[in-house]
Amino acid sequence: MASRRGSASIVLPSGQTLPSYTRSSQDDDGLPHATKKKMADHLRKYEALFTLTPQRMRIIVEAFKESLELGLAKHGQVVPMIPTYVFGWPTGKETGKFYAVDLGGTNLRVCLVTLQGDGKFEITQSKYRLSEEQKQEDGQKLFDFCAECLKAFIDSNVESGIIEKDQILPLGFTFSYPCAQDRIDHGVLIRWTKGFGAPNTEGRDVVEMFRKSLTKHSVPADVVALTCDTTGTLIASHYVNPKTRIACIFGTGCNAAYMERAGDIPKIAELGIDPNAEIAINCEWGAFDSFEHENLPRTKYDIIIDETSNKPGEQAFEKLISGRYLGEILRLIICELIDEGVLFLGQNTYKIEIPYSFDTAFLSLMESDPTDELLMIIGIFSHFFALETTLAERQFFRALAKLVARRAARLSACGIAAIVSKMNYLEDGCYVGADGSLYNKYPMFAERIHEGLQDIFGEKGKNIVTYHAEDGSGIGSAIVAAMTKARRDAGIYPNL
């Protein structure tokens, strides 16, 4: 059927219908459509806004380093640099059965991990979906849900003979939200992130709340360690690849962890820990440059996202690089161009005007579209937003997606570079275990981080290699539980 646009539709063998455009040279005059030249002019404007020069990156790295140092020196800093009380690297010889429970942003994951030594392990696991309602209802109810899922998991594994009935196993609890810890089995939630808002939880010890739920449901498990996924990722990755020195998460949230000398953490000097002992630090670096906004190159779109978020001013770094926000940055640019009368004239744009309706996965698909006509992008706009697009517009959207994602990867490189520079890892080089949906699934994200590291450090940047990390919230959490049990059984810092 012909429409007002001089477009028709083709039915593909799959039964899918795609619009096809018939064009003649006179068509362009009367059509309310963005032409190639006009789109190129707009693209130049966005390139200027979203491109990070190597010089600018080095300035960000220096500021980042200062924030890390400040967080180690004093309590209550913007980047909190939380000592995790995970002492030293795993030996690789850890053995035994452990539970790991991971309260993530979208799922609750329950695991039984059998460590076999020599960097080897077995894992059995189940995932339980968290509804948006559960994320907002009373905190104790949330922990009751965790306990009920663990109980169901244990019961099914007892039936299949994997676990002995009523056998109490040590449990590593992965809780990837900022917590103040003064020992490894204790953590006061500083603030919810990742869209959680469960009341009566901030300012309370989440281990105590979880233990209360475990007791209530008679679950045979002993919480020995509270870690975040990033610390777990650091430990699990080192267990398998001992050259690992840093772990990062680039997903819905973003974070990093590394191993620091106790003597270089002035804020815990009074604990009397051997200055040469090593302690894993959970940076919580998503908060870098929060409140003051002095160092990061925020555009007006980033500022809108920040001001309309549930935590204005906070998590400034995360809002520029996490998968939660990249789609929204692109959507805001598109909406601005709709308002300026550049895009989608005469079409109903209400669907794309809904906040957070443009998923970051769409950017990933747009960048990996292999077709000349950019059929994947036609599909996204027609299927999800009921919008028709021209080739010039689709090429523009793809270029925009690349700009937004490339900036995220290059800023991520600045964070890694700050730790590398602070710890003098550049000369000898090191491995960085990286995890999270952006790193694992977004096309070219890892390559763009590496390109960024070389822009910051020059040729030596090649010494810093990121790779797909081991599973931190499952395996890592279990290894931390094993290390902690061994340390406390040996009477080493039993109160930490």
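Bear in mind the structure is a predicted one, so any value in this text is a computation, not a measurement.

> Explain the state of the cysteines to me, and be specific about the residues and the numbers.
Under the definition given, this model contains zero disulfides. Among the cysteines around Cys146, which has no disulfide bond, Cys149 carries the closest sulfur, lying 6.9 Å off.

> Explain the pattern of salt bridges to me, and be specific about the residues and the numbers.
Applying the stated rule across the entire model yields 25 salt bridges. Across the pair Arg488 and Asp185 runs a salt bridge whose closest N-O atoms are separated by 3.1 Å. Residue Arg488 is found in helix 16 (residues 472-489), and its partner Asp185 is found in the loop between strand 8 (179-180) and strand 9 (188-189); the two are separated by 303 residues along the sequence. Looking at Asp185, the relative accessible area reads 11%, which means it is buried. Note that Arg331 is salt-bridged to Glu328, the shortest N-O span being 2.8 Å. Note that Arg331 and Glu328 are positioned in helix 10 (residues 326-339) at a spacing of three residues, about one turn of the helix. Residues Arg331 and Glu328 agree in their burial class; the two are buried.

> Before we move on, could you go through the packing of aromatic side chains and cite the residues and values that matter?
Within a pair of aromatic rings, the relevant descriptors are the distance that separates the centres and the angle that separates the planes. Applying the stated criterion to the full structure yields 32 aromatic pairs. Ring centres of Trp285 and Phe317 lie 5.8 Å apart, and the angle between their planes is 90 degrees; on these two criteria the pair is classed as edge-to-face. Placement of Trp285 in the loop between strand 13 (278-282) and helix 8 (300-308) and of Phe317 in helix 9 (residues 316-321) is noted, with a sequence separation of 32 residues between them. Classification of Phe317 by relative accessible area gives buried; the value is 0%.

> I'd love a proper account of empty space enclosed by the protein, names of residues and values included.
What the rule picks out here adds up to two cavities of 30 Å³ or more. The volume enclosed by the largest cavity comes to roughly 70 Å³. What lines the largest cavity is Ile82, Thr84, Phe175, Tyr177, Cys179, Gln181, Leu226, Thr227, Cys228, Thr231 and Asn282. For the lining of the largest cavity, the secondary-structure elements that each account for two or more residues are strand 3 (82-87) and strand 10 (221-227).

> Report on the sheet that holds strand 12 (residues 254-261), specifying residues and quantitative values.
Sheet architecture is open: six strands sit in the order 3-13-12-11-14-15, paired in mixed fashion. The outermost strands of the open sheet, each flanked by one partner alone, are strand 3 and strand 15 (464-468). The sheet shows a mean angle of 30 degrees between the axes of neighbouring strands, direction not considered. Bridge count for strand 12 against strand 13 is five bridges, and the pairing is antiparallel.

> Which residues make up the confidence of the model for the protein, and what values go with them?
Residues with a pLDDT of 70 or more make up 93% of the protein, whose mean pLDDT is 90. Contacts from residues 1-8, a stretch scored under 50 in pLDDT, to residues over four places away or in other chains number 22 contacts. Taken as a whole, residues 19-31 scores under 50 in pLDDT and shows 20 contacts with residues more than four places along the chain or in a different chain.

> Give me the sheet that holds strand 10: which residues, what numbers.
In spatial order, the strands read 6-5-4-7-10; together these five strands make up an open sheet with mixed pairing. Two strands in the sheet have a free side with no partner beyond their single neighbour: strand 6 (120-129) and strand 10. In this sheet, adjacent strand axes meet at a mean angle of 25 degrees when their direction is disregarded. Relative to strand 5 (residues 107-117), strand 4 (residues 95-103) runs antiparallel, the two sharing nine bridges. Opposite Gly96, over in strand 5, you have Leu115 as the bridge partner. Of the strands in this sheet, strand 4, strand 5, strand 6, strand 7 (169-175) and strand 10 touch helix 5 (residues 139-159), which is tilted by about 125 degrees from strand 6. The sheet strands contacting helix 16 are strand 4, strand 5, strand 6, strand 7 and strand 10, and the helix crosses strand 5 at an angle near 55 degrees.

> An account of the nonpolar core is needed here, citing residue identities and associated values.
Counting residues in hydrophobic clusters, the biggest one holds 121 residues, and the most contacted among them are Phe250, Trp285, Ile334, Phe358, Phe381 and Ile416. For this core, the element with the highest residue contribution is helix 13 (residues 391-423), accounting for 19 residues. Once you skip the residues sitting within four places of it in the chain, Ile416 turns out to touch Ile246, Cys248, Phe250, Trp285, Val432, Ile449, Leu453, Ile464 and Thr466. Judged by nonpolar contacts, the second largest core, of 36 residues, contains Val101, Leu189, Val223 and Leu226.

> Account for helix 6 (residues 206-216), naming residues and giving values.
Residues lying three or four places apart along an α-helix face the same way, a consequence of the helix completing one turn every 3.6 residues. Val206, Val207, Met209, Phe210, Ser213 and Leu214 are the residues of helix 6 that are buried. Viewed along the axis of helix 6, the buried residues span an arc of 160 degrees, placing them on a single side of the element. Residues of helix 6 that are exposed and point over 90 degrees away from its buried face: Glu208, Lys212, Thr215 and Lys216. Close packing links the buried residues of helix 6 with strand 4, helix 5, strand 7, strand 8, strand 9 and strand 10. Its side-chain oxygen placed 3.0 Å from the backbone nitrogen of Val207, Asp205 serves as the N-cap of helix 6. At the exit of helix 6 stands Ser218, carrying a positive phi of roughly 50 degrees.

> Which residues make up helix 13, and what are the values?
Along its 33 residues, helix 13 runs 48 Å from first to last C-alpha, staying within 8% of the 48 Å computed at 1.5 Å per residue. Within helix 13, 26 of the 33 residues are buried, leaving the element largely enclosed by the surrounding structure.

> Quick rundown of the environment of Ala256? Include the residues and the values.
Relative to the elements of secondary structure, Ala256 occurs in strand 12. As for Ala256 and Thr233, which are separated by 23 residues in sequence, their C-alpha atoms are 9.3 Å apart. When neighbours within four sequence positions are excluded, Ala256 is seen to be in contact with Thr230, Ala247, Cys248, Ile281, Asn282, Cys283, Glu284, Trp285 and Ile419.

Parameters and conventions
Residues numbered from 1 in each chain as written. Predicted model: local features only at pLDDT ≥ 70, side-chain atom pairs only at ≥ 80, totals over all residues. Heavy atoms only, no water. Disulfide = S-S within 2.5 Å. Salt bridge = Lys/Arg side-chain N within 4 Å of Asp/Glu carboxyl O. Helix = DSSP H or I, 4+ residues; strand = E, 2+ residues; numbered from the N terminus. Buried < 20%, exposed > 50% of the residue type's maximum accessible area, 1.4 Å probe, protein only. Phe/Tyr/Trp six-rings, centres within 6.5 Å; stacked < 30°, edge-to-face > 60°. 1 Å grid on protein atoms, 1.4 Å probe; cavity = no way out; pocket = protein on both sides within 12 Å on 5 of 7 lines; lining within 4 Å. Points joined across faces, edges and corners; volume = space filled by probe spheres on them. Pairing = 2+ DSSP bridges. Axes fitted to C-alpha atoms, helices over the stretch in contact; angles between N-to-C directions. pLDDT = per-residue confidence, 0-100. Contact = heavy atoms within 4.5 Å. Core = buried A, V, L, I, M, F, W, Y, C linked by side-chain atoms within 4.5 Å. Arc of directions from axis to C-beta. Polar contact = N/O pair within 3.5 Å; in protein donor to acceptor, adjacent residues only side chain to side chain. Expected span 1.5 Å × (residues − 1).

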